[in-house]
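# Topology and contacts: notes
What follows is each chain in one-letter form.
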Amino acid sequence: MESRGMKKWRPFATMPEQYIGLKEVINNQLEVDQPVLTEEQMEQMNFTLIEALHRNKQVYLTYYKKGQIITETGFIQFVDSLGDVFIFIDEVFELKNKMRLSELVDVRLA
């Protein structure tokens, strides 16, 4: 039920253009290229993922997303090397995350 005269709330509608531009400049400065891994590094990460999965060991996952390198801690739940997919449970939020193996930069047992 919307009362008359009530305006629909529009987030950021009043944000001046220069701030939007500035934010983009700042974001672009933080961006990095995705590191290129060797076959050997990728195999090693795969082994570590599978070991973590079978032994239910916690891992530090470092991955590349939208120009940034991010590290998270979690438990591996599923690995599909051929499908370029794995699922991990985020320790902090206890959420399941599906991720591409090709986005991984590093995996270490915690």
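Now for a quick tour of the structure. Small disclaimer: the values here were computed from a predicted structure and weren't measured.

## A few points about the layout of surface pockets
Each pocket or cavity is described by its volume, and for the largest pocket that value is around 230 Å³. Along its surface, the largest pocket is lined by 13 residues, and M42, M45, D84, L101 and S102 are the ones closest to its centre. Per-element tally for the lining of the largest pocket: the top contributor is helix α2 (residues 39-55), with five residues. Here the lining of the largest pocket is composed, by residue class, of seven nonpolar, four polar and two charged.

## Quick notes on the pattern of salt bridges
Summed over the entire model, instances satisfying the criterion amount to four salt bridges. Taking the shortest distance from any N to any O, the salt bridge between E103 and K65 comes out at 3.7 Å. Taken together, the residues span a long stretch of sequence, with E103 in the loop between β4 (96-100) and β5 (104-109) and K65 in strand β1 (residues 58-65) at a distance of 38 residues. For K65, a relative accessible area of 39% translates into the label partly exposed.

## Some details on the environment of N46
Inspection of the secondary structure assignment puts N46 in helix α2. A C-alpha to C-alpha distance of 9.9 Å links N46 and D106, two positions 60 residues apart in sequence. In this view, N46 contacts V79 and S81; residues no more than four positions away in its chain are not counted. At 3.2 Å, the side chain of N46 and the side chain of S81 are in polar contact.

## Let's talk about the sheet that holds strand β2 (residues 68-80)
In space, the five strands of this open sheet follow the order β4-β3-β2-β1-β5, with antiparallel pairing throughout. Of all the strands in the sheet, the pair left with one neighbour each is β4 and β5. Pairs of neighbouring strands in the sheet enclose a mean axial angle of 45°, with direction left out of account. Contacts from α2 reach β1, β2, β3 (85-90) and β5 within the one sheet, and its direction differs from that of β5 by about 45°.

## Considerations on the nonpolar core
Counting residues in hydrophobic clusters, the biggest one holds 15 residues, and the most contacted among them are L49, L61, I76, F86, L104 and V107. Looking at this core, the elements that each hand over two or more residues are α2, β1, β2, β3 and β5. When near neighbours in sequence (up to four residues on either side) are disregarded, I76 contacts L49, A52, L53, V59, L61, F86, I87 and F88.

Rules behind the numbers
- Residues numbered from 1 in each chain as written.
- Predicted model: local features only at pLDDT ≥ 70, side-chain atom pairs only at ≥ 80, totals over all residues.
- Heavy atoms only, no water.
- 1 Å grid on protein atoms, 1.4 Å probe; cavity = no way out; pocket = protein on both sides within 12 Å on 5 of 7 lines; lining within 4 Å.
- Points joined across faces, edges and corners; volume = space filled by probe spheres on them.
- Helix = DSSP H or I, 4+ residues; strand = E, 2+ residues; numbered from the N terminus.
- Nonpolar A, V, L, I, M, F, W, Y, C, P; charged D, E, K, R; others polar.
- Salt bridge = Lys/Arg side-chain N within 4 Å of Asp/Glu carboxyl O.
- Buried < 20%, exposed > 50% of the residue type's maximum accessible area, 1.4 Å probe, protein only.
- Contact = heavy atoms within 4.5 Å.
- Polar contact = N/O pair within 3.5 Å; in protein donor to acceptor, adjacent residues only side chain to side chain.
- Pairing = 2+ DSSP bridges.
- Axes fitted to C-alpha atoms, helices over the stretch in contact; angles between N-to-C directions.
- Core = buried A, V, L, I, M, F, W, Y, C linked by side-chain atoms within 4.5 Å.

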